[in-house]
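An overview of the molecular structure
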Amino acid sequence: MNEVSPDSWHTIKMSLCEALYKKKVERTLEIMKETYADADVIFLQEAAAVFIEQMGATDLSERYHIFSPEKIDAKRDQNSLVLASKAKFSGVFSECTASAIELLPGDAPVSPGDLLAVAADGLDGVKVG
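The notes below deal with the structure included here. (Residues numbered from 1 in each chain as written. Predicted model: local features only at pLDDT ≥ 70, side-chain atom pairs only at ≥ 80, totals over all residues. Heavy atoms only, no water.)

Side note on the overall build of the protein
Each helix and strand in the protein was counted, giving five helices and six strands. The secondary structure elements of the protein, listed N-terminal to C-terminal, are α-α-β-α-α-β-β-β-α-β-β. In terms of overall dimensions, the protein is more spread out than a globule: its C-alpha atoms have a radius of gyration of 19 Å, far above the 14 Å expected for 129 residues. Taking the principal axes of the C-alpha coordinates as reference, the protein spans close to 60 × 40 × 20 Å. Within the span of the protein, comprising 129 residues, buried residues form 27% of the whole. Carbon and sulfur atoms make up 55% of the accessible area of the protein, which totals about 8,800 Å². Between the mean site of the 13 positive side-chain charges and the mean site of the 21 negative ones, the protein shows a separation of 3 Å. (Helix = DSSP H or I, 4+ residues; strand = E, 2+ residues; numbered from the N terminus. Rg over C-alpha atoms; globule rule 2.2 N^0.38 Å. Buried < 20%, exposed > 50% of the residue type's maximum accessible area, 1.4 Å probe, protein only. Areas by Shrake-Rupley, 256 points an atom, 1.4 Å probe, with all protein chains shown as cover. Lys, Arg positive; Asp, Glu negative; His and termini not counted. Charge placed at Lys NZ, Arg CZ, Asp CG, Glu CD.)

Side note on the sheet that holds strand 4 (residues 89-95)
With antiparallel pairing, three strands are arranged side by side in an open sheet as 4-5-6. Each edge of the open sheet carries a strand with a single partner, namely strand 4 and strand 6 (127-128). Bridge analysis of strand 4 against strand 5 (residues 118-122) gives four bridges, and the strand direction is antiparallel. The residue bridging F93 from the neighbouring strand is A120, located in strand 5. (Pairing = 2+ DSSP bridges.)

With respect to the packing of helix 2 (residues 24-34) against helix 3 (residues 49-56)
Taken N-terminus to C-terminus, the directions of helix 2 and helix 3 make an angle of 50 degrees; their axes are 11 Å apart at the nearest point. As the angle between them shows, helix 2 and helix 3 are arranged oblique. The handedness of the crossing between helix 2 and helix 3 is right-handed. In this structure, helix 2 contributes V25, T28, L29 and M32 to the contact, and helix 3 contributes F51, Q54 and M55. (Axes fitted to C-alpha atoms, helices over the stretch in contact; angles between N-to-C directions. Parallel < 35°, antiparallel > 145°, perpendicular 65-115°, else oblique. Left-handed = near helix turned anticlockwise from the far one by under 90°. Contact = heavy atoms within 4.5 Å.)

Considering a nonpolar patch on the surface
On the surface, I101, L104 and V110 cluster together into a nonpolar patch covering about 200 Å² of accessible area. Mapped onto the elements of the fold, V110 is located in the loop between helix 5 (97-102) and strand 5. With a relative accessible area of 32%, V110 lands in the partly exposed category. (Patch = residues over 30% accessible without salt bridge, like charges linked within 9 Å, V, L, I, M, F, W, Y side chains within 5 Å. Salt bridge = Lys/Arg side-chain N within 4 Å of Asp/Glu carboxyl O.)

Considerations on helix 3
Taken together, the buried positions of helix 3 are A49, F51, I52 and M55. The buried residues of helix 3 all sit within an arc of 160 degrees when viewed along its axis, so they share a single face. In this structure, the buried residues of helix 3 make contact with helix 2, strand 1 (41-47), helix 4 (60-63), strand 2 (64-67) and strand 3 (79-85). (Arc of directions from axis to C-beta.)

See below:
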């Protein structure tokens, strides 16, 4: 880097660190609010437990039902989430993760938080999941 960009590589490195690490949660929430504002369902993978808490404190929790696994993995911090629009879904849901895991081969490498399966009631009366 000293040969390619001796005067600016450190500044570039710091800006990447700022965008991709230090403000990761803030930036992810911003993308969800702006880019996916009209989505009926949003699926997230590898979400940290702290991300789930921070998301619940934003206006996303006013627009979406936030479904998280019964068993949150706070150590690995790799949890799957489902956000379902309150304009389309009643909030009545049941977690079906255990049933979905039973369908996998016995040696499937699934850890707590890796998979989240839910069934939800649509406002139109149709059950989805």
